[in-house]
Amino acid sequence: MNKQELLKLTVVLLSAFLLVLDINAQVTVRTEIGFPLGTDNDNIGFFVNIEPRVQVMKKAIAGVRIGVSVNSDIISLNQDRAYFIDPKDDNGLISLVPTFDYYLNEKKNRPFLGLGIGYCIFNDVDFTDRSNGDRNNLTVKTEDKVGMLIRGGLEIQNLRLCVEYNLVPEMDLKIPDGQTVGTIENSFVGISLGYNFGQKDR
């Protein structure tokens, strides 16, 4: 699936999500920015999410999270050949994740737990093969993955503090001749700060 197909899928899912809502339901939009932990990446890692949401039960909210994550992965190359990745290059993913949050009370300060399962699309990885004394630039085509989201935190009126675990299967890096030259670990823990637009203060 390419980025254009993902965009079309996003529009279709969001349209379907809004159509199945009660006409009187209050749709809110949550935006957040966060940072992955423990990625061991030379470049700054961050993620940005936008999530239309609607209350489906007294203490439960469903949504669709559209996220962009940059430098949240860990790339490991095999040591038997002289492969090199430019540390200035950024790697990222786009995710589309239906979500469900359950709140532990109905007060202004509300702890919550959440789950989600969705689709992740990755950018290709560029690196250099110097094993033969030459500098051969190679591009590894990445595979899209289905991932899982586990999160929890605290909402203080419209402000949201969150810790999340994005579980995405590890991916092999294969050059055009079929050799596996490394792996990408895509799962990460992140912390974020967000705000709920359109939600009435409690």
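These remarks concern the structure in this document. These figures come from a predicted structure and were not determined experimentally.

On to the packing of aromatic side chains. Following the criterion strictly, the structure yields 3 aromatic pairs and no others. Measuring from ring centre to ring centre gives 4.9 Å for Y195 and F197, while their planes differ by 65°; the resulting arrangement is edge-to-face. Overall, F197 belongs to the partly exposed group, its relative accessible area being 44%. Here the basic side chain of R110 rests over the ring of Y103, its NZ or CZ set 3.7 Å away from the ring centre. It is R160 that lies over the ring of F112; its NZ or CZ is 3.8 Å from the centre.

The strand order around the closed barrel formed by 8 strands is β1-β2-β3-β6-β7-β10-β11-β14, and the pairing between neighbours is antiparallel. Neighbour-to-neighbour, the strand axes of this sheet turn through a mean angle of 25°, independent of strand direction. Pairing geometry for strand β1 (residues 27-37) and strand β2 (residues 46-57), over 8 bridges, is antiparallel. Pairing of E32 across the sheet is with N49, part of β2.

Calculation criteria
- Residues numbered from 1 in each chain as written.
- Predicted model: local features only at pLDDT ≥ 70, side-chain atom pairs only at ≥ 80, totals over all residues.
- Heavy atoms only, no water.
- Phe/Tyr/Trp six-rings, centres within 6.5 Å; stacked < 30°, edge-to-face > 60°.
- Buried < 20%, exposed > 50% of the residue type's maximum accessible area, 1.4 Å probe, protein only.
- Lys NZ or Arg CZ within 6 Å of the ring centre and 35° of its normal.
- Pairing = 2+ DSSP bridges.
- Helix = DSSP H or I, 4+ residues; strand = E, 2+ residues; numbered from the N terminus.
- Axes fitted to C-alpha atoms, helices over the stretch in contact; angles between N-to-C directions.

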